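# Summary of structural features
For reference, the chains in residue letters:
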Amino acid sequence: MKKLAQFVLAATLGMSSGFATADAISDAAMSDLRTSKAKARDEYRNPQQTLRFFGLQPNMTVVEVSPGGGWYTDILYPVVKESGKYVAAHFYVDENSNEYYKKALAAFKKKTEAGEKYQGATVTAFHPTKALDIIDAGTADMVLTFRNVHNWYMREGDEGIDNAFGAFFTALKPGGVLGVVEHELPESAENDAMQKSGYMKRSYVVAAAEKAGFVLEASSDVNANPMDSADHPKGVWTLPPRLALDDQDREKYMAIGESNRMTLKFIKPNK
């Protein structure tokens, strides 16, 4: 039933956004640019439905914040490469950065070189206290972030969150879209849980975005998982794909699946 509902939602959103957009997103999601391993996670990440909900169009300038290895980039870049623009606001790296960040950034940049799969994509830097100019101010149609808000909060607290949403607001054109997907902590949980669990309260995320000037236009349950209690021994990393407890209660956590996630669409108001 869940998959049927998602199919209906996808069809509805696709029609409302125009058939060209629906086809572009579907073609990108099914293309050989993506590995079979990446496609297997679509069951939990629902990229086609998510991007249609956010209103992705092929002619947009899109900034993906902290794209990591490029799981979503494999879909976003092909959609906009011909008539739009893709910008990866990747890790900020300096002499004090650890090797993981340096190697991850270098690997991503390699993919933007001639003949590689993200050829011509733009790479900038984002850090919630050190690098906030992710694109020229007021030039992005859409800024997207997938499961990153908890990282900024756990490392930089309220200041980092305020800086991040402020940077996204500055980057967008009036009327531009900020799309956020994040692991969701129940509102009944203690606020302290956000500091270590990897889950964030929806009320906190919405308040941070509104403080920056955004308006919440819509929310979707497309990435919701009611089987996830958000209360696990090693936080969200207890669940797949990380399975931080290794084989301990593996079947239990595999049965739950990936985390319960909020999917929020914010708009920068027209002035």
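Owing to the predicted nature of the structure, the values given are computational and were not obtained by experimental measurement.

Turning next to the pattern of salt bridges. The final tally for this structure, using the stated rule, is eleven salt bridges. A salt bridge links Asp162 to Lys211; the nearest nitrogen and oxygen atoms lie 2.9 Å apart. Taken together, the residues Asp162 in helix α8 (residues 149–171) and Lys211 in helix α9 (residues 202–212) connect sequence positions 49 residues apart. The exposure class assigned to Lys211 is exposed, which follows from its relative accessible area of 62%. Several salt bridges converge on common partners, so that one network encompasses Arg41, Glu258 and Arg261.

Here we come to the packing of aromatic side chains. For any pair of aromatic rings, the description rests on two quantities: the centre-to-centre distance and the angle between the ring planes. Summed over the entire model, instances satisfying the criterion amount to 16 aromatic pairs. With centroids separated by 5.4 Å and ring planes inclined at 70 degrees, the aromatic side chains of Tyr100 and Tyr101 adopt a geometry described as edge-to-face. Three or more aromatic residues joined by ring pairs make a cluster, and in this case those are Tyr77, Tyr86, Phe108 and Tyr118. Positioned over the ring face of Trp71 is Arg34, at 5.0 Å from the centre of the ring. Between the NZ or CZ atom of Lys268 and the centre of the ring of Phe169, over which it lies, the distance is 4.7 Å.

Next up on the list: the side chain of His150. Within the fold, His150 resides in helix α8. In terms of polar contacts, His150 uses its side chain to reach the side chain of Asn151, at 3.4 Å. Residue contacts for His150: discarding those within four places in its chain leaves Glu182, His183, Gly198, Met200 and Trp237.

This part covers the confidence of the model for the protein chain. Here the protein chain averages 93 in pLDDT, and 92% of its residues register 70 or above. Counting interchain partners and residues more than four positions distant, the pLDDT-below-50 stretch residues 1–21 has 21 contacts.

Moving on: the nonpolar core. Formed by 42 residues in total, the largest nonpolar core has its most connected members in Val63, Ile134, Val143, Phe165, Phe168 and Leu178. When contributions to this core are tallied by element, the ones reaching two or more residues are β1 (61–65), β2 (85–91), β4 (140–146), α8, β5 (172–185), α9, α10 (250–256) and β8 (261–267). Residue contributions to this core peak at ten residues, all from α8. In contact with Val63, not counting residues within four places along its chain, are Val87, Ala89, Ile134, Ile135, Ala140, Met142, Val143 and Leu144.

What follows concerns the pairing of β1. Along a regular strand, successive side chains alternate from one face of the sheet to the other. Burial analysis of β1 places five of its five residues in the buried class, which makes it a mostly covered element. Along β1, one buried face is formed by Thr61, Val63 and Val65 and the opposite face, lined by Val62 and Glu64, is buried too. Sheet topology places β1 next to β2; five bridges connect them, and they run parallel. Residue pairing across strands places Val65 opposite Ala89, the latter belonging to β2. Handedness of the crossover is the feature at issue here: the chain leaves β1, passes through helix α6 (residues 73–80), returns alongside β2, and the resulting connection is right-handed. Across four bridges, β1 lies against β4 in parallel orientation. Across the sheet, the residue bridging to Val65 is Thr145, located in β4.

Our next topic: unusual backbone geometry. Here Pro240 and Pro241 are connected by a cis peptide whose omega angle stands at 10 degrees. You can see Pro241 is positioned in the loop between β7 (215–220) and α10. Residues other than glycine seldom take positive phi values, yet Arg147 does so here, at roughly 60 degrees. With respect to the helices and strands, Arg147 occurs in the loop between β4 and α8. Its relative accessible area of 17% is what places Arg147 among the buried residues. A positive phi angle is found at Ala230, which is not glycine, with a value near 65 degrees. The topology assignment puts Ala230 in the loop between β7 and α10.

Definitions and cut-offs
- Residues numbered from 1 in each chain as written.
- Predicted model: local features only at pLDDT ≥ 70, side-chain atom pairs only at ≥ 80, totals over all residues.
- Heavy atoms only, no water.
- Salt bridge = Lys/Arg side-chain N within 4 Å of Asp/Glu carboxyl O.
- Helix = DSSP H or I, 4+ residues; strand = E, 2+ residues; numbered from the N terminus.
- Buried < 20%, exposed > 50% of the residue type's maximum accessible area, 1.4 Å probe, protein only.
- Phe/Tyr/Trp six-rings, centres within 6.5 Å; stacked < 30°, edge-to-face > 60°.
- Lys NZ or Arg CZ within 6 Å of the ring centre and 35° of its normal.
- Polar contact = N/O pair within 3.5 Å; in protein donor to acceptor, adjacent residues only side chain to side chain.
- Contact = heavy atoms within 4.5 Å.
- pLDDT = per-residue confidence, 0-100.
- Core = buried A, V, L, I, M, F, W, Y, C linked by side-chain atoms within 4.5 Å.
- Pairing = 2+ DSSP bridges.
- Right-handed = clockwise from strand over helix to strand, strands pointing away.

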